[in-house]
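# Examining the three-dimensional arrangement
What follows is each chain in one-letter form.
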Amino acid sequence: MNCVEPIKIKSKARFSGMEYYDFPWYIQDILLGSALGDGHFVCRTFNSNCSVKLSHSLKQEDYLRWKANILRSYFGGSVYQSARDEVLRMIRYDTRVHKELTAFYFDLYKKKDGEVGGKLNPRLKWLNRMTALGLMVWYFDDGHLRHDRRLSIHTEGLTHRGVLKCQQHLEQAWNINPRVERRSVKEGREDQYIIIIKASESQRFLEIILPLMPKECKSMLYKVGMVYKNTKFQQRWISKLVELSPFTEEEIAKYYRTKLSGDEFAKVFDSRSGSV
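This is a predicted model, so every value here is computed, not measured.

### With respect to the overall build of the protein chain
- When its secondary structure is counted, the protein chain shows 11 helices and 8 strands.
- Taking 276 residues into account, the globule formula puts the C-alpha radius of gyration at 19 Å, and the protein chain, at 19 Å, falls close to it.
- Along the first, second and third principal axes, the C-alpha set of the protein chain runs to 65 × 40 × 40 Å.
- The buried share of the protein chain, reckoned over its 276 residues, is 50%.
- Considering only contacts in the protein chain between residues 6 or more positions apart, those separated by 24 or more positions represent 65%.
- Total accessible area computed for the protein chain in this model is approximately 14000 Å², and 47% of it derives from carbon and sulfur atoms.
- Computing the positive centroid from 46 side-chain charges and the negative centroid from 33, the protein chain places the two 2 Å apart.

The following block contains the structure:
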């Protein structure tokens, strides 16, 4: 399938968007975002080539298929459901093994002592290669828009040091100043952390990634559909969604019908357009 190349929105980092492998920058970004998020890199033996496994709930099938359609053009593979997946309502994509995925895997997971695997310990030098596309994939994989309009990004697959590097990257490359919050875990279990972006900065974060949202991924509107009690603030955010995202006002209104009360919806959308 021929895929439209996404627009390249670079961060302030010097090496943002530079290509380091025998595939385009947007493949690199999707792989980087997936490594931070829900992607699983598999290298069965030390001498074998690697593959990538992605999985999402059926509610996010359009998002998984968007990633799969792009990656498949370089790494092959298939989208599928097992019998167990049908029960769990999951859908998956596996690439074929590929030497370039192996090079990517060892760059990310190789430790100073030569060992590989375990939790991901991202380094600034490859975080700084990401553009806004990688940021979007990371957030869509593991991010959550809270009711108070704060954003949280889960980091269970990263080391604590790696989480702090991600925090530093957001600060230096994107002018976003998150905090790292420790999660309560059962005694004997390894500490886990969440990156929190405060409500006063969450809109700016979303404005960075909105132009990259794939039009076929309507299921991901819940990741960017902020809800305000103030009608004017709500109208302003919907105007931003219409301006920056690929979705029409009618598509956005359809999403908000389930998020706003009847009176709130009428105040927000009737004043914008009598046809919605």
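### Observations regarding the packing of aromatic side chains
- With the rule as written, the count across this model stands at 15 aromatic pairs.
- Judged by centre distance (6.2 Å) and plane angle (15 degrees), the ring pair of Tyr 63 and Trp 66 falls under stacked. Taken together, the residues Tyr 63 and Trp 66, both in helix H2 (residues 61-75) and 3 residues apart, mark about one turn of the helix.
- Given a relative accessible area of 0%, Tyr 63 falls into the buried group.
- Summarising the aromatic geometry, the rings of Tyr 139 and Phe 205 are spaced 5.5 Å apart at their centres and angled 70 degrees between planes, so their arrangement reads as edge-to-face. Linking Tyr 139 in helix H6 (residues 132-142) with Phe 205 in helix H8 (residues 199-209), this pair joins segments that are 66 residues apart in sequence.

### Describing the nonpolar core
- Membership of the largest hydrophobic core comes to 83 residues, with the highest contact counts inside it found for Leu 31, Phe 205 and Tyr 256.
- Those residues in contact with Phe 205 that lie beyond four places of it in its chain are Leu 135, Tyr 139, Leu 151, Leu 170, Ile 176 and Ile 197.

### Overview of H6
- Across the 11 residues of H6, 11 count as buried, placing the element largely inside the fold.
- Burial in H6 covers these residues: Ala 132, Leu 133, Gly 134, Leu 135, Met 136, Val 137, Trp 138, Tyr 139, Phe 140, Asp 141 and Asp 142.

### Description of the state of the cysteines
- Going through the model one piece at a time under the given rule, you end up with 1 disulfide.
- Between the sulfur of Cys 43 and that of Cys 50 lies a disulfide, 2.4 Å long from S to S. Around the S-S axis, the bridge from Cys 43 to Cys 50 shows a dihedral of about -90 degrees and counts as left-handed. Here Cys 43 matches Cys 50 in class, with each residue buried.

### Focus: the pairing of strand E2 (residues 51-57)
- Where strand E1 (residues 40-42) meets E2, 3 bridges bridge the pair, whose relative direction is antiparallel. Residue pairing in the sheet places His 40 in a bridge with Lys 53 of E2.

### Looking at a nonpolar patch on the surface
- A cluster of nonpolar side chains, namely Phe 15, Met 18 and Tyr 20, defines an oily patch on the protein surface of about 260 Å² accessible area.
- Its place among the elements puts Met 18 in the segment before helix H1 (25-36).

### Comments concerning the sheet that holds E1
- As summarised here, the arrangement of the 4 strands in space is E1-E2-E4-E3, forming an open sheet in which the pairing is antiparallel. Since the sheet does not close on itself, it has two edges, and those belong to E1 and strand E3 (78-80), each with one partner. Neighbouring strand axes in the sheet, compared pairwise and without regard to direction, differ in orientation by 20 degrees on average.
- Looking at chain direction, E3 and strand E4 (residues 90-94) are connected through 3 bridges and run antiparallel. In the sheet register, Ser 78 faces E4, and the bridge partner there is Asp 94.

### Quick word on the layout of surface pockets
- Of the voids in this model, the largest pocket is the one considered here, and its volume is about 340 Å³.
- Residue lining of the largest pocket: 15 residues in total, with Leu 145, Arg 146, His 147, Gly 225 and Val 227 positioned closest to the centre.
- When its residues are assigned to classes, the lining of the largest pocket shows 7 nonpolar, 3 polar and 5 charged.

### Some remarks on the sheet that holds strand E8 (residues 192-197)
- In space, the 4 strands of this open sheet follow the order E5-E6-E8-E7, with antiparallel pairing throughout. Lying at the two open borders of the sheet, with one neighbouring strand each, are strand E5 (143-145) and strand E7 (179-183). The average angle at which neighbouring strand axes cross in this sheet is 30 degrees, direction not considered.
- Lying on the sheet, H6 is in contact with E5, strand E6 (151-154) and E8; it crosses E5 at an angle near 75 degrees.
- Against the sheet, helix H7 (residues 160-174) makes contact with E7 and E8, and its axis sits at roughly 10 degrees relative to E8, the strand it touches most.

Each value, and the rule that gives it
- Residues numbered from 1 in each chain as written.
- Predicted model: local features only at pLDDT ≥ 70, side-chain atom pairs only at ≥ 80, totals over all residues.
- Heavy atoms only, no water.
- Helix = DSSP H or I, 4+ residues; strand = E, 2+ residues; numbered from the N terminus.
- Rg over C-alpha atoms; globule rule 2.2 N^0.38 Å.
- Buried < 20%, exposed > 50% of the residue type's maximum accessible area, 1.4 Å probe, protein only.
- Contact = heavy atoms within 4.5 Å.
- Areas by Shrake-Rupley, 256 points an atom, 1.4 Å probe, with all protein chains shown as cover.
- Lys, Arg positive; Asp, Glu negative; His and termini not counted.
- Charge placed at Lys NZ, Arg CZ, Asp CG, Glu CD.
- Phe/Tyr/Trp six-rings, centres within 6.5 Å; stacked < 30°, edge-to-face > 60°.
- Core = buried A, V, L, I, M, F, W, Y, C linked by side-chain atoms within 4.5 Å.
- Disulfide = S-S within 2.5 Å.
- Pairing = 2+ DSSP bridges.
- Patch = residues over 30% accessible without salt bridge, like charges linked within 9 Å, V, L, I, M, F, W, Y side chains within 5 Å.
- Salt bridge = Lys/Arg side-chain N within 4 Å of Asp/Glu carboxyl O.
- Axes fitted to C-alpha atoms, helices over the stretch in contact; angles between N-to-C directions.
- 1 Å grid on protein atoms, 1.4 Å probe; cavity = no way out; pocket = protein on both sides within 12 Å on 5 of 7 lines; lining within 4 Å.
- Points joined across faces, edges and corners; volume = space filled by probe spheres on them.
- Nonpolar A, V, L, I, M, F, W, Y, C, P; charged D, E, K, R; others polar.

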